[in-house]
Amino acid sequence: MGEPAYITVADDGHVTLFWGDGTEARREVILRGPRPRDARELAALIEELTAWAEDNGYTVVVPAYDLTPDEPVELEPTPDDEQRFDPQDIDDLLDNLYRADHDAEDENFWNEET
């Protein structure tokens, strides 16, 4: 088993491979990828970084705790998103993400009409 490493979106928005298991006091970058433009590109970048890590002696782990940034990340559609997607589809996606952030046990919230 190789050295542990994990992949996450860094504070600057780049998909990044870090050394360790996510509990380190200081993040050590192994390999920095680009900023993904969409979910498909994000998934592809994660696959590429995972393959690179494994080829170079690292074992990619999932951190045992939440890597949510201290500051909230504002989600806004990019100009490309606005050209490719119907505005209602974008609104629906953002609504779904908002709902996912709430407690799943709150039945009143999940049963609300929007």
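Residues numbered from 1 in each chain as written. Predicted model: local features only at pLDDT ≥ 70, side-chain atom pairs only at ≥ 80, totals over all residues. Heavy atoms only, no water.

S.K.: For this particular structure, what's the right way to read the overall build of the chain?
M.R.: Helix and strand counts for the chain come out as 4 helices and 4 strands. Each helix and strand of the chain, placed in order from N terminus to C terminus, yields the pattern β-β-β-α-β-α-α-α. Across the 114 residues that make up the chain, the buried fraction comes to 18%. Pairs at least 24 residues apart make up 34% of the contacts formed inside the chain by residues separated by at least 6 positions. A total accessible area of about 8,900 Å² is found for the chain, and carbon and sulfur atoms account for 49% of it. (Helix = DSSP H or I, 4+ residues; strand = E, 2+ residues; numbered from the N terminus. Buried < 20%, exposed > 50% of the residue type's maximum accessible area, 1.4 Å probe, protein only. Contact = heavy atoms within 4.5 Å. Areas by Shrake-Rupley, 256 points an atom, 1.4 Å probe, with all protein chains shown as cover.)

S.K.: It is not clear to me how a negative patch on the surface should be interpreted in this structure. Could you clarify?
M.R.: Together, Asp86, Asp89, Asp91, Asp92 and Asp95 give the surface a local cluster of negative charge. Following the sequence through the fold, Asp95 ends up in helix α3 (residues 87–100). (Patch = residues over 30% accessible without salt bridge, like charges linked within 9 Å, V, L, I, M, F, W, Y side chains within 5 Å. Salt bridge = Lys/Arg side-chain N within 4 Å of Asp/Glu carboxyl O. Lys, Arg positive; Asp, Glu negative; His and termini not counted. Charge placed at Lys NZ, Arg CZ, Asp CG, Glu CD.)

S.K.: Is there a simple way to explain the pairing of strand β1 (residues 3–9) in this structure?
M.R.: Note on strand geometry: in a regular strand, side chains alternate between the two faces of the sheet. Across 3 bridges, the pairing between β1 and strand β4 (residues 58–60) is parallel. Looking across to β4, one finds that Ala5 is bridged to Val60. Sheet analysis places β1 next to strand β2 (residues 15–19), joined by 5 bridges and oriented antiparallel. From the neighbouring strand, Val9 faces β2, where its bridge partner is Val15. (Pairing = 2+ DSSP bridges.)

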